[in-house]
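# Residue-level structural notes
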Amino acid sequence: MDKSILILDKGTRCTAWNYSGQRLVAGLDDGTVVIYDSTDPASSTFISTSRFKARESSITKVFWVPPEYGDAVACISDDGKLSLWEEVTEDTEEHHWKMRKCFDGITSQVLDVQFGDGQTCLKLVAACSDGQVKIYELLDTLELEKWQLQAEFQNVIDLVSKFGNATCVSATISWNPQRSEGRQSSFVLGYSSNTPALNSPKVWEFDLDHQRWLPVAELSLPDDQVDEVYAVSWAPNIGRPYELIAVATQQGISIWHLGSNPEPDGRLSTQNVAMLSSHDSEVWEMEWDMSGMTLATTGSDCVVRLWQSNLNGVWHEQAVLAPAVGVS
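Note that this is a predicted model, so its numbers are computed, not measured.

## Re the sheet that holds strand β13 (residues 168-175)
Ordered by their spatial adjacency, 4 strands build an open sheet running β13-β14-β15-β16, and the pairing between neighbours is antiparallel. Each edge of the open sheet carries a strand with a single partner, namely β13 and β16 (212-218). Across this sheet, the average inter-strand angle for adjacent strands is 30 degrees, counted without regard to direction. With 6 bridges connecting them, strand β15 (residues 202-207) and β16 associate as antiparallel partners. Looking at β16, one finds that Phe-206 is bridged to Trp-213.

## Side note on the environment of Pro-196
Within the fold, Pro-196 resides in helix α1 (residues 196-199). With 30 residues separating them along the chain, Pro-196 and Ala-166 place their C-alpha atoms 9.6 Å apart.

## Some thoughts on the packing of aromatic side chains
For the structure shown, the criterion picks out 13 aromatic pairs. Both rings, one in Trp-175 and one in Phe-187, keep their centres 5.2 Å apart while their planes meet at 55 degrees; by these two values the pair is tilted. A residue pair is termed long-range when its members are at least 10 positions apart, and Trp-175 in strand β13 and Phe-187 in strand β14 (residues 186-193) qualify at 12 residues. Here the two residues Trp-175 and Phe-187 agree in accessibility, since each one is buried. When the ring of Trp-175 is compared with that of Trp-213, the centres are 6.1 Å apart and the planes differ by 75 degrees; the resulting orientation is edge-to-face. Of the two residues, Trp-175 is situated in strand β13 and Trp-213 in strand β16; the sequence distance between them amounts to 38 residues. By relative accessible area, Trp-175 is classed as buried at 9%. Members of the aromatic cluster, joined through ring pairs, are Phe-52, Trp-64, Trp-85 and Trp-97. The residue whose ring lies beneath Lys-101 is Phe-103, and the NZ or CZ to ring-centre distance is 5.6 Å. Just above the ring of Phe-206 sits the side chain of Lys-123; from NZ or CZ to the centre is 5.5 Å.

## Brief notes about the confidence of the model for the protein
In regions of low pLDDT, the predicted coordinates are not meant to be interpreted in detail. For the protein, the average pLDDT comes to 90, and 95% of its residues sit at 70 or higher. Across the protein, element-level confidence peaks in strand β6 (residues 72-77) with a mean pLDDT of 98 and bottoms out in α1 with 90.

## Notes on the layout of surface pockets
Over the atoms rolls a probe the size of a water molecule, and its path tells where empty space is left. Taken as a whole, the second largest pocket encloses approximately 250 Å³ of empty space. Every residue lining the second largest pocket is counted, 13 residues in all, and those nearest its centre are Tyr-242, Met-293, Ser-309, Asn-310 and Trp-315. Along the lines of polarity and charge, the residues of the lining of the second largest pocket split into 6 nonpolar, 6 polar and 1 charged.

## Things to note about the pattern of salt bridges
In the structure shown here, the tally under the stated rule is 13 salt bridges. In this structure, the salt-bridge partner of Asp-79 is Arg-55, at a minimum N-O distance of 2.9 Å. Placement of the pair is Asp-79 in the loop between β6 and β7 (82-88) and Arg-55 in the loop between β4 (45-53) and β5 (59-64), with a sequence separation of 24 residues. Its relative accessible area of 31% is what places Asp-79 among the partly exposed residues. Put simply, Asp-112 and Lys-61 hold a salt bridge, and the shortest N to O gap is 3.4 Å. Of this pair, Asp-112 sits in strand β9 (residues 110-117) while Lys-61 is found in strand β5, placing the two residues 51 residues apart along the sequence. Ionic contacts of the salt-bridge type, sharing partners, join the residues Arg-23, Asp-37, Asp-71 and Glu-87 into one network.

## Side note on the environment of Asp-227
By the secondary structure assignment, Asp-227 is in the loop between β16 and β17 (229-234). For Asp-227 and His-96, which are 131 residues apart along the polypeptide, the C-alpha to C-alpha distance reads 43 Å. The residues contacting Asp-227, other than those within four sequence positions of it, are Asn-199, Thr-249, Gln-250 and Gln-251. At 3.3 Å, the side chain of Asp-227 forms a polar contact with the side chain of Gln-250.

## Here's the deal with empty space enclosed by the protein
Taken as a whole and assessed by the stated rule, the structure comprises 1 cavity of 30 Å³ or more. Along the wall of the largest cavity there are 16 residues; nearest its centre are Leu-219, Ser-220, Asp-224, Thr-249 and Ser-254. Every element with two or more residues in the lining of the largest cavity is listed here: β18 (242-249), β19 (252-259) and β20 (270-276). At 3 residues, the largest contribution of residues to the lining of the largest cavity is made by β19.

Cut-off values and rules
Residues numbered from 1 in each chain as written. Predicted model: local features only at pLDDT ≥ 70, side-chain atom pairs only at ≥ 80, totals over all residues. Heavy atoms only, no water. Pairing = 2+ DSSP bridges. Helix = DSSP H or I, 4+ residues; strand = E, 2+ residues; numbered from the N terminus. Axes fitted to C-alpha atoms, helices over the stretch in contact; angles between N-to-C directions. Phe/Tyr/Trp six-rings, centres within 6.5 Å; stacked < 30°, edge-to-face > 60°. Buried < 20%, exposed > 50% of the residue type's maximum accessible area, 1.4 Å probe, protein only. Lys NZ or Arg CZ within 6 Å of the ring centre and 35° of its normal. pLDDT = per-residue confidence, 0-100. 1 Å grid on protein atoms, 1.4 Å probe; cavity = no way out; pocket = protein on both sides within 12 Å on 5 of 7 lines; lining within 4 Å. Points joined across faces, edges and corners; volume = space filled by probe spheres on them. Nonpolar A, V, L, I, M, F, W, Y, C, P; charged D, E, K, R; others polar. Salt bridge = Lys/Arg side-chain N within 4 Å of Asp/Glu carboxyl O. Contact = heavy atoms within 4.5 Å. Polar contact = N/O pair within 3.5 Å; in protein donor to acceptor, adjacent residues only side chain to side chain.

Written out as structure tokens, the structure is:
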């Protein structure tokens, strides 16, 4: 028999699990952030342990900071503001949440953010409504309020091109989850906007020699570059000679192979190996499992679909998880 592990507050807009699956953060319509904890891991039940007012407007996205930097969450509100909160203990007080940073320097609306570990420090990439991508670096691992803007650019292959009148509705970011000394930081980013050149997913990699971010691949076919991108997800790699990235657009979910060795022009080779029929609707989110072999997707049809590749490299739908009857 199915058993509920927690009941979310009325007005919940977004949620995110921490790395261990033992804590859940939820953003509410009234600007409140709620933390749920599992007090007894063996029971798999969660209760609300903390709540705080992050903004006056609705919270639209929440994210956990990587665990090695403490218990902290980032929040994007409906007005496009980005703030960072940390769980602290001061003097004899109990644990409470304190705002460490409000990124007031971002004048346009923040649409999406993701944290990624560089070789030297924690990085944060923020995609904004004007098409600008901003990369921040944490200056001190013990002080989450100290961030520095490292780079700013638009999501275009031709770095000379500039689009001043771009209007972006949403954005999606996924860092390369692999950490290795021989590979620089990289992420994939796509937009949903009125400017086709910004939409198509680009893979960005940090060029250590010139201390700048460069677009090393574009994950779209020539006829699909105008498509708005709903979601991207970079798979963990446990030994493949190539990277695996999923891209969701109005055409469906495409699976891409990304080469590991640069071509003479510095770009990485790409191959579209599958186009999945998707949800016959907008895809909301995609996540790979720890092995990078199973892709979970969900969309406006309110079901979760699991996708896998067989031994011949053919991708197929492995399972469909639908809500129980009477659950909306």
